[in-house]
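Listed below are the residues making up each chain.
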Amino acid sequence: MNSNHSSKLLTLLLATTLVVSAVAPAAAVVSVASSDAPSEAEVGEDVTATFTLEQPFSEYEEWTLNGATELEGVTWTVKLYDQADDKVGQESYDGQSFNHSLSTDSNANEVEVTVEGTVANPGNFSYAPPQQALLAELDQARDGGASQAIESWQFRPYTTESDEARSALDDADAAIADAEDSGADVSEARDQFDSAVSAFDGENFELATDLAGDAEETANSAAESNQQTQMLLYGGIGLVVLVAIIGGALWYRSQQDSYDKLG
């Protein structure tokens, strides 16, 4: 390989490296070690969740921790712990968002963030996918720099009525699937189910529960009817086979009797 070709190859490799470096996404500078975030919670329920951020200064010596939530009546508590797990600082904030400045001067090795609030009515219920609300979103912002998302957590808010309707829809969906697997015609049940979903999305949970119950009943009836039809079909086939066997036996016997008389 001549030197001119080697130089071109080196230049190409360098350019490729620069392009990859330019498009590569920035990694999160803080990792979340643990959290007790709920996956669902009832509207009006008080919720508490805690998130622990490890090695907050692995990349930057100073930055601002931002938090946001869709809970109501919110209190945030930020606690700092050193390497010996001793608390070296604590601040509390009210409201659906907060900003907390962090610096290596605090000697913090971990940052514990706790959010406490009440679950609000989402106002946009949905069966599939289920409605979601923001429990917490934590971001890292540098002075004069861009803000990076650390992590966010969502949960499904529900009411007693919406949860009953969802359970009814789940049961109906399972019944329809079972009936369909058995070969039954589930078109009517599926139409009823779709109407129940529309009622759910419109927050008419009582109607959704009733329609879902109708869909489940229709699916079960279709499966039972299909089973009875199959049993009758199998019984008819069995009867035909039995008649054929008996007929064959009688024919064979008649043939034997004719042979004996000729003898």
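On a predicted model such as this, the values are computed, not experimentally measured, just so you know.

Peer 1: I keep staring at the sheet that holds strand 5 (residues 72-81) and nothing clicks. Help me out?
Peer 2: Two modes of strand pairing occur in sheets, parallel and antiparallel, and in both the strands are linked by backbone hydrogen bonds. In spatial order, the strands read 1-3-8-5-6; together these five strands make up an open sheet with antiparallel pairing. The open sheet terminates on both sides in strands that have one partner only, identified here as strand 1 (31-35) and strand 6 (87-94). Each neighbouring strand pair of the sheet contributes to a mean axis angle of 20°, computed without reference to strand direction. Here eight bridges tie strand 5 to strand 8 (residues 110-118), and the two strands are oriented antiparallel to one another. Paired with L80 across the strands is V111, a residue of strand 8.

Peer 1: When you look at helix 3 (residues 187-201) in this model, what are you seeing that I'm missing?
Peer 2: Residues lying three or four places apart along an α-helix face the same way, a consequence of the helix completing one turn every 3.6 residues. In this model, helix 3 (15 residues) spans 21 Å end to end at C-alpha, consistent with the 21 Å of a helix rising 1.5 Å per residue. Residues of helix 3 that are buried: A189, Q192, F193, A196, V197, A199 and F200. In an axial view of helix 3, the angular spread of the buried residues amounts to 160°, which keeps them on one side of the axis. Within helix 3, the exposed residues directed more than 90 degrees away from the buried face are E188, D191 and S198. Backbone geometry just after helix 3 places E203 at a positive phi near 65°.

Peer 1: What exactly am I supposed to notice about the nonpolar core here?
Peer 2: Soluble globular proteins tend to bury their nonpolar side chains together. Of all hydrophobic cores here, the largest spans 28 residues; its most connected members are F51, L65, W76, V111, V115, L135 and L138. Elements that contribute at least two residues to this core include exactly strand 3 (46-54), strand 4 (62-68), strand 5, strand 7 (97-103), strand 8, strand 9 (133-141) and strand 10 (147-158). Apart from the residues lying within four places of it in its own chain, the contact partners of L65 are L53, F98, N99, H100, L102, V111, V113, L138, D139 and I150. In this structure, A165, A168, A189 and V197 belong to the second largest nonpolar core, which totals 24 residues.

Peer 1: What's the story with the sheet that holds strand 4 in this structure? I'm lost.
Peer 2: What the five strands build is an open sheet, ordered 2-10-9-4-7; its pairing is mixed. Because the sheet does not close on itself, it has two edges, and the strands there are strand 2 (40-42) and strand 7. Recorded for the sheet is a direction-independent mean angle of 25° between the axes of neighbouring strands. Here strand 2 pairs with strand 10 via three bridges, running parallel. Opposite E42, over in strand 10, you have Y158 as the bridge partner.

Cut-offs used in this document
Residues numbered from 1 in each chain as written. Predicted model: local features only at pLDDT ≥ 70, side-chain atom pairs only at ≥ 80, totals over all residues. Heavy atoms only, no water. Pairing = 2+ DSSP bridges. Helix = DSSP H or I, 4+ residues; strand = E, 2+ residues; numbered from the N terminus. Axes fitted to C-alpha atoms, helices over the stretch in contact; angles between N-to-C directions. Expected span 1.5 Å × (residues − 1). Buried < 20%, exposed > 50% of the residue type's maximum accessible area, 1.4 Å probe, protein only. Arc of directions from axis to C-beta. Core = buried A, V, L, I, M, F, W, Y, C linked by side-chain atoms within 4.5 Å. Contact = heavy atoms within 4.5 Å.

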